[in-house]
Structure formats: structure tokens, C-alpha cells
Amino acid sequence: MTVSQLTPPALVDHKGLNEWISEVAALCKPDRIHICDGSQSEADKLTAEMVASGTLIPLNAALRPNSFLARSDVSDVARVEERTFICTNQPEEAGPTNNWMHPKEAKETLTKLFDGCMRGRVMYVIPFSMGPLGSNISHIGVEITDSPYVVVSMRMMTRMGKAVLDLLGADGQYVPCLHSVGKPLAEGEADVSWPCNPDTKYICHFPDTHEIISYGSGYGGNALLGKKCFALRIASAMAHQQGWLAEHMLILGLESPEGEKKYIACAFPSACGKTNLAMLVPPKGLEGWKVTTVGDDIAWIKRGDDNVLRAINPEAGYFGVAPGTSGKTNPNAIASLQRDCIFTNVALTPEGDVWWEGLTDTLPANLIDWQGKEWTPDSGRKAAHPNARFTVSATNCPSLDENWDNPQGVPISAFVFGGRRQTTVPLVVQSYSWRDGVYMGATLGSETTAAAAGAVGQVRRDPMAMLPFCGYNIGDYFAHWLSIGERIENSIVDGEESTLPLIFCVNWFRKDEGGDFLWPGYGENMRVLKWIFERTSGAGGAESSELGYRPRFVDIDWNGFDAADESRFQSAIKIDASEWLQELDLQREFFAKVGKSLPATFTSIQARLQERFAPKKP
Ligand code: GTP
Ligand code: SPV
Ligand code: MN
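Computed from a predicted structure; not experimentally measured.

Colleague: Can you help me understand the overall build of the protein in this one?
Modeller: Tallying secondary structure elements over the protein gives 17 helices and 31 strands in all. For a compact globule of 618 residues, the expected C-alpha radius of gyration is about 25 Å, and the protein comes in at 24 Å, within 12% of that figure. Referenced to the eigenvectors of the C-alpha coordinate spread, the extents of the protein come out at roughly 80 × 55 × 45 Å. Taken over 618 residues, the protein has a buried fraction of 57%. As displayed, the protein has an accessible area near 23800 Å², and 51% of this comes from carbon and sulfur atoms. The distance from the centre of the 57 positive side-chain charges to the centre of the 75 negative ones in the protein is 2 Å.

Colleague: What am I meant to see in the nonpolar core here?
Modeller: Nonpolar side chains tend toward joint burial in soluble globular proteins. In terms of nonpolar packing, the biggest core is built from 99 residues, with Trp300, Phe415, Phe478 and Trp481 touching the most fellow members. With nine residues, helix α9 (residues 226-242) is the single largest residue contributor to this core. For phenylalanine 478, the residues in contact, after removing those within four places along its chain, are Val438, Ala442, Pro463, Met464, Phe590, Val594, Leu598, Pro599 and Phe602. If you look at the next biggest cluster of nonpolar residues, it comprises 36 residues, including Phe268, Trp289, Leu529 and Phe553.

Colleague: In this structure, what is going on with the packing of aromatic side chains? I would like to understand it.
Modeller: Aromatic ring pairs are defined here through the distance separating the ring centres and the angle between the ring planes. Applying the stated rule across the entire model yields 34 aromatic pairs. Ring centres of tyrosine 149 and tryptophan 194 lie 4.8 Å apart, and the angle between their planes is 65°; on these two criteria the pair is classed as edge-to-face. Of the two residues, tyrosine 149 is situated in helix α6 (residues 148-157) and tryptophan 194 in the loop between β9 (175-180) and β10 (202-206); the sequence distance between them amounts to 45 residues. Ring geometry for phenylalanine 415 and tryptophan 481: centres 5.2 Å apart, planes at 75°, overall edge-to-face. One end of the pair, phenylalanine 415, is in strand β25 (residues 410-418); the other, tryptophan 481, is in helix α13 (residues 474-490), with 66 residues separating them in the sequence.

Colleague: How do you make sense of the sheet that holds strand β24 (residues 389-393) when you look at a structure like this?
Modeller: Across a sheet, paired strands are connected by hydrogen bonds in the backbone, their directions being either parallel or antiparallel. Strand order across the open sheet formed by five strands is β2-β3-β19-β24-β18, with mixed pairing between neighbours. Either end of the sheet is taken by a strand with one partner, and the two such strands are β2 (57-58) and β18 (317-321). Alignment of β18 against β24, held across five bridges, turns out to be antiparallel. For tyrosine 318, the partnering residue across the bridge sits in β24 and is valine 392.

Colleague: I'm lost on the site of ligand 2 in this one. Help?
Modeller: Near ligand 2 the following residues occur: Arg79, Gly220, Gly221, Lys227, Lys228, His248, Ser270, Asp297, Phe319, Arg389, Ala451 and Phe469. Contact between ligand 2 and glycine 221: an oxygen atom at 2.9 Å from a main-chain N or O atom of the residue. Between histidine 248 and ligand 2, the recorded distance is 3.3 Å, taken from a side-chain N or O atom to an oxygen atom. Isolated, ligand 2 exposes 280 Å² of accessible area, and the fraction of that covered by the protein chains is 98%. Judged by the fraction of its atoms near the pocket grid, ligand 2 is located in the largest pocket.

Colleague: How should the packing of helix α16 (residues 577-594) against helix α17 (residues 600-613) be read in this particular structure?
Modeller: To describe two helices that pack against each other, one gives the angle between their axes and the distance between the axes. It is the contact of α16 with α17, at a shortest axis distance of 10 Å, that shows an interaxial angle of 160°. The orientation of α16 with respect to α17, classified from their angle, is roughly antiparallel. The interaxial crossing formed by α16 with α17 has left-handed handedness. Residues Ala577, Trp580, Leu581, Leu584, Gln587, Arg588 and Phe591 of α16 form the contact with α17, whose own contacting residues are Phe602, Gln606, Leu609, Gln610 and Phe613. Grouping the constituent residues of the contact of α16 with α17 by class yields eight nonpolar, three polar and one charged.

Colleague: Explain the pairing of β24 to me, please; I cannot follow it from the model alone.
Modeller: Each regular strand displays side chains that alternate between the two surfaces of the sheet. Counted residue by residue, β24 has four buried out of five residues, so it is predominantly covered. The sheet contact formed by strand β19 (residues 342-344) and β24 spans three bridges and is antiparallel. Note on β24: the bridge partner recorded for phenylalanine 343 is phenylalanine 390.

Colleague: What is the right way to read the coordination of the manganese ion (ligand 3) from this model?
Modeller: Tetrahedral coordination by four donors places them ideally at 109.5 degrees to one another around the metal; octahedral coordination by six donors ideally gives 90 or 180 degrees. Looking at the manganese ion (ligand 3), one finds its protein donor set to be Lys228 (NZ), His248 (NE2) and Asp297 (OD), positioned 2.2 to 2.4 Å from the metal centre. Its six donor atoms give the manganese ion (ligand 3) angles of 68 to 175° at the centre, a pattern that matches the irregular case. Sequence spacing among the residues donating to the manganese ion (ligand 3) works out to K-x19-H-x48-D. Of this pair, lysine 228 sits in helix α9 while histidine 248 sits in the loop between β12 (245-247) and β13 (249-255), and the two are 20 residues apart along the sequence. Pair check on accessibility: lysine 228 and histidine 248 agree, each one buried.

Colleague: Quick question: what am I supposed to make of the site of ligand 1 here?
Modeller: Within the structure, ligand 1 sits among 22 residues, and Ala271, Lys274, Asn276, Arg389 and Tyr522 are positioned closest to it. In the environment of ligand 1, an oxygen atom lies 3.4 Å from a nitrogen or oxygen atom belonging to the side chain of histidine 248. The side chain of arginine 389 places a nitrogen or oxygen atom 2.7 Å from an oxygen atom of ligand 1. Expressed as a share of its isolated accessible area of 660 Å², the protein-covered part of ligand 1 is 93%. The cavity that encloses ligand 1 is the largest pocket. With three residues, the top contributor of residues to the shell around ligand 1 is helix α10 (residues 274-278). Grouping the amino acids of the shell around ligand 1 by side-chain chemistry returns ten nonpolar, eight polar and four charged.

Colleague: What am I meant to see in the side chain of aspartate 369 here?
Modeller: Relative to the helices and strands, aspartate 369 resides in the loop between β22 (367-368) and β23 (374-375). Among the polar contacts listed, one links the side chain of aspartate 369 to the backbone nitrogen of glutamine 371, at a separation of 2.8 Å.

Colleague: I keep staring at helix α12 (residues 434-442) and nothing clicks. Help me out?
Modeller: Since the α-helix turns once every 3.6 residues, residues separated by three or four places project in the same direction. Where burial is concerned, most of α12 is hidden: eight out of the nine residues are buried. Among the residues of α12, those classed as buried are Trp434, Asp436, Gly437, Val438, Tyr439, Met440, Gly441 and Ala442. Buried positions along α12 lie against β25, β26 (428-430), α13, β29 (502-506), α16 and α17. Backbone nitrogen of arginine 435 and a side-chain oxygen of the N-cap are separated by 3.4 Å at the start of α12; the cap is serine 433.

Colleague: For this particular structure, what's the right way to read the packing of α12 against α13?
Modeller: At a closest axis distance of 10 Å, the pairing of α12 and α13 adopts a crossing angle of 160°. Comparing the axis directions of α12 and α13 gives the class roughly antiparallel. Note that α12 runs across α13; the crossing there is right-handed. In contact with Trp434, Arg435, Val438 and Ala442 of α12, α13 contributes Phe478, Trp481, Leu482, Ile484, Gly485 and Glu489. Taken together, the residues of the contact of α12 with α13 sort by class into seven nonpolar, one polar and two charged.

Reading the values: the criteria
- Residues numbered from 1 in each chain as written.
- Chains lettered and ligands numbered in written order.
- Predicted model: local features only at pLDDT ≥ 70, side-chain atom pairs only at ≥ 80, totals over all residues.
- Heavy atoms only, no water.
- Helix = DSSP H or I, 4+ residues; strand = E, 2+ residues; numbered from the N terminus.
- Rg over C-alpha atoms; globule rule 2.2 N^0.38 Å.
- Buried < 20%, exposed > 50% of the residue type's maximum accessible area, 1.4 Å probe, protein only.
- Areas by Shrake-Rupley, 256 points an atom, 1.4 Å probe, with all protein chains shown as cover.
- Lys, Arg positive; Asp, Glu negative; His and termini not counted.
- Charge placed at Lys NZ, Arg CZ, Asp CG, Glu CD.
- Core = buried A, V, L, I, M, F, W, Y, C linked by side-chain atoms within 4.5 Å.
- Contact = heavy atoms within 4.5 Å.
- Phe/Tyr/Trp six-rings, centres within 6.5 Å; stacked < 30°, edge-to-face > 60°.
- Pairing = 2+ DSSP bridges.
- Near = heavy atom within 4 Å.
- Polar contact = N/O pair within 3.5 Å; in protein donor to acceptor, adjacent residues only side chain to side chain.
- 1 Å grid on protein atoms, 1.4 Å probe; cavity = no way out; pocket = protein on both sides within 12 Å on 5 of 7 lines; lining within 4 Å.
- Sits in = over half its atoms within 2 Å of the grid points.
- Axes fitted to C-alpha atoms, helices over the stretch in contact; angles between N-to-C directions.
- Parallel < 35°, antiparallel > 145°, perpendicular 65-115°, else oblique.
- Left-handed = near helix turned anticlockwise from the far one by under 90°.
- Nonpolar A, V, L, I, M, F, W, Y, C, P; charged D, E, K, R; others polar.
- Donors = N, O, S within 2.8 Å, 3.2 Å for Na, K, Ca; no water.
- Tetrahedral: all angles 85-135°; square planar, octahedral: opposite > 155°, others 65-115°.

Rendered as C-alpha cells:
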């Protein structure tokens, strides 16, 4: 089929977009082009096609209506950080924590790979908005993909379809996001259920020109390009240029029994508890409190004319970790998953429903595991992949905040950074200042998880939970964070209340000598949230420590807590000098890697910490 037949004169009313679509079609040589309108009938048709091709397995409609299981290729189960590149003219612009490639080299390599890569497939054009349509915090993207799984996922994860094209008009700006699974089909060749390229993957970002090109993977963060690629890597670079923040943060609303409401934004690394905290149900004894969900993964934050930092969730759905999610740990997630969802790499029950580790206390007698194999409790392997995920629209969530779609965003009272640390890091501390708080975030360490390919459980520095997602030099990113605070501090008039959010650090994952979690976590995290809420109101007791203010046992509300155990709390909140001296060594190691772009302030904060933990003898 010739290119001119493929591209009728006006697929869309946007000259630049039309040209881009034609260029991509000429290169990728798909069988046909489909411009997505985002309608239910379109989604139903694609879903039916994927059921026919084996990509989606329909679940029992009586148990879970309009829901499906996808099993990925065994090689395509997580983000691939090693194959993720920031393409800038100079390596220093990408910085020491990113894989760098020259844009010219990247484009040459990718052009070869994309030549004919959509043969035998449909090329889908997905117009999407990250954030409420028309909000001045939102931005538009267009993803071209050959994966119908990506289309139906993007429909849940973003505001997608005709309304976005209308908003884009004849000359609106958009971020072009090009994606292919990298598996062309020869004439008559039958497709596999999860096409991808097991050998060759490139996830490339061009921050100077605001473009994304992804090849070879069909999985989540590698393929749903609105998410990590646009909303974090490209957006963080835009935010750096334009004076705002794009962060790996959940946003939640916190309402006191008296009806006072605040919003907080929390950055935890992948698979470290954002979805769970964002949907928290308060525990026994704190039922008067309400937690509502604005977002569970990404926050875009801009300063308003009133000096207040306001955040939107650029997404419109959740791509959440399934294992560990249960009626006990996250009832709001379980309620969200009653219908209309896609599960990827979970296990299938004989009744045609889904299962994963942690869903029920008792193991099912037999299942089909995530690879499609028979499974029994003595199989000696996991039934669901540890990074198995659910995809569902935000509107399915019972705890959805009334302002989740508000184009103005929500005002942020506190930032919280947290990692997964078995030792060293206390349950919660409040930084003494914005600068100390930025330092806390920047030095965050966390054990690696199954959300990315590679070893699991190794402590690495994950600054602001952005290590795999910052689209520019991490040292400049730290300076940017410092400058956001300075700008707000400097514009606060004497006598006026500060609008600068407080900064906290938390760790739900500290363990005792027996290897058990010291803190029960999940709903009980509300007790820590309540303390944070009180601190932002200028109330809430605390004591000073080497790291910042921390709650004493009496400062936490233990109402309804089964056998509040002071000694376990003390172990969870403990700051141990010998552990911290090791921690400071690790921080210095990381700072050395950051090199000359490290803010000078960090060196003096570090020296002050060192002095507090190991005072020099006079
Ligand atoms: P991404 O989607 O990868 O960015 O992850 P996330 O930060 O949203 O993580 P999520 O909330 O999905 O949690 C990941 C895992 O951590 C799940 O298996 C949870 O059960 C577990 N988890 C979440 N919160 C807690 C907690 O408070 N305590 C403990 N022990 N585990 C938790
Ligand atoms: C993460 O890894 O932080 C995720 C999942 O939220 S993915 O979309 O794959 O990035
Ligand atoms: Mn994430």
C-alpha cells in the first residue's frame, strides 16, 4: 500500500500533527491508520479484537464485569532503566544518573529500527491530555503506537480522544510520543499474544525538543508514554525551564473531624506505597478522619499568583501494583477493581477471576499463573509476577477527591519523602527548614523493587524517588527544588503566614531483629498523617533530633490502636548514630557521583549532620 493511500489529506485539522502522522506512517509502514476518538464503542471494538487475538483473556463477567487479563512476554514485565536514555547535545545535560545518547545518534538508530516496524499492524494515533482539559497546569501529548493494549490503557490512564483534538485546534502544542512494540509481521504471519522485541529496547527522551520515542516494549512505563516518559522525564525538564515541578508523587486530601481540609504530596520510589497511602482508610479510633485521592503516582505542581503551590494529577487512572493489595491493606483499591479493569501478569482462578500474592490469607488450591502455567501452593514459585499490575480509571475509586479534576489544582501543605529501608531511617521526621527538607529528599535511599528490571532489595540513592525519572542533570534538579522554596520565601511579606509547604521524611518499612516490620503500615499510617496535619497547623508536639523534629510517643494519637506498644514505636522512630554515620558515607558517595552540579548548601548541611552524629572533640 502506498503512503498516499495511507494518508488521506486531512486525518486531523492540525497541519503539524497531520504532517507528523504522515511521516511516521511512511517510515513505519503500517497496514492502516486509526485516529482514536476515545469513545466507548472504539474501546469495545479494540478489546474484542484483543480477545480474539489472545492478548486479553476475558474474566468471568458475573464476578468481574468488563474486565480482562493480559499476560506479557516473560521478558517484558517492568520498566527497563538500562535501556532508558536522555538524549541531549551534551552528556552533562543528562547528568550522572541518566543514560545519555546524542540526539543525532539516537534518531539514526531509531529511524533504522522504526523502518517498516509496523508492517502487518494498525498504527493508532492517541491524542491525550495530561491533566484536566484546558487547565493551565495541563499539557497535551499525541502517542502513535502499534499496540491496541496501549490504546485501551491510555484511555483509562489519561483524558483521551476527540475532545483533546478539539482543544488542540489547528495549531496547538503537543508532545509527540512515538511507540512501537518492535515486532513487524510478515505477510500471513500469525501474531503472538504479547508482541514485543525481546532483544532490542530503546526508551528515548529528547528534552530539548520535547519528544519521546520508545521501541521494543509493550509494558507500562515503557509504553504508556504519557506516564513516566512524558509526565516525569520530559515534564521535569519543562518544569526546570519554566519554574514548576513534575514529581513522582501521590496527592491526597486529609480532612479532620472538624472539617478542616489539607492536601499533601508524597514521593516514594516505585512499589513503595504511593497507591496505598493515596487510598488510605483510617483505622479504628480515627474514623472521624477522611483521606481522599487526587492521584497515586505523579504530581505537577505550579506556584499560583497567591504564592501557593498547587498540584494536579496529570493522570486519569491507576496503573497499580497488584501483589499485596487486599481488602485489609487497601480496600479502596479492591473496590475500584470490581469492574472495567485490565490486569497484567496476575494469576487466573478456575472461576475465571484474578488472584495475586497477598489478596487472600489462604492460598487457592490451584491457579493458572502469570505465565499461563498450572500452579498449586507447593509449586515453589509466585502465582502473580511481583510487578503484576491493575489498570483502572480514577472514576472507579470510592475515595476519589472532589477536586481531582479541578483545573486549578489543590493547594499543597506538606511534601513527604519516603523510601523502603529495613534499617536506619526513622518512622517520621520533619525537616527544620525547606533547605534541610530538600536535602532529605535528595538523599533518600530505598531498596530496589520489581517495578524495574534488575536486582531487587538493594539499597540505592533514589533522590525524591526520581532517580529513574528526572529528565535532566540531577544536581540542577536539586538546585531547582531549592530555588522554588527561595522564590516563595522571598515573596512572603513580613507578618504574612508562610505558604511554603513543610517537608517530612517517612519510612514504613523498618524491621526488627526478627525481620518483622516494626510499624504496621497501611491504614495505621493515618496516625503519622494526623501528626503531619497537626504540624502544618502549627500544632502537634515534637522533640528535636539530629535530623529534624520527630514525634514522641505522646504526640501520636493511639486511639483504637491494638496494644499500642511504646517500645516498638521507639525502635521505629530511633535515630542511631552509628547507622547514620554509615548513611552519611553513602550520601557522600552519591554526592561525589553528582559532582560539580551539587548545590553547595548540601555540602554544608552534610557537614553539620556529620558534626551532630560525631562531634569533634574540642
Ligand atoms: P508504583 O506504582 O510502582 O510507583 O508504586 P507505589 O508507590 O504506588 O506502591 P504501592 O502503593 O502499589 O505499594 C507497593 C507495595 O508496597 C505493595 O505490595 C504494598 O502492599 C506495599 N506497601 C504499601 N504500603 C505499605 C505499608 O505501609 N507497609 C508495608 N509493610 N507495605 C506497604
Ligand atoms: C513505577 O514503576 O513507578 C510505576 C509503574 O508507577 S510504570 O508505569 O511501569 O512506571
Ligand atoms: Mn510510579
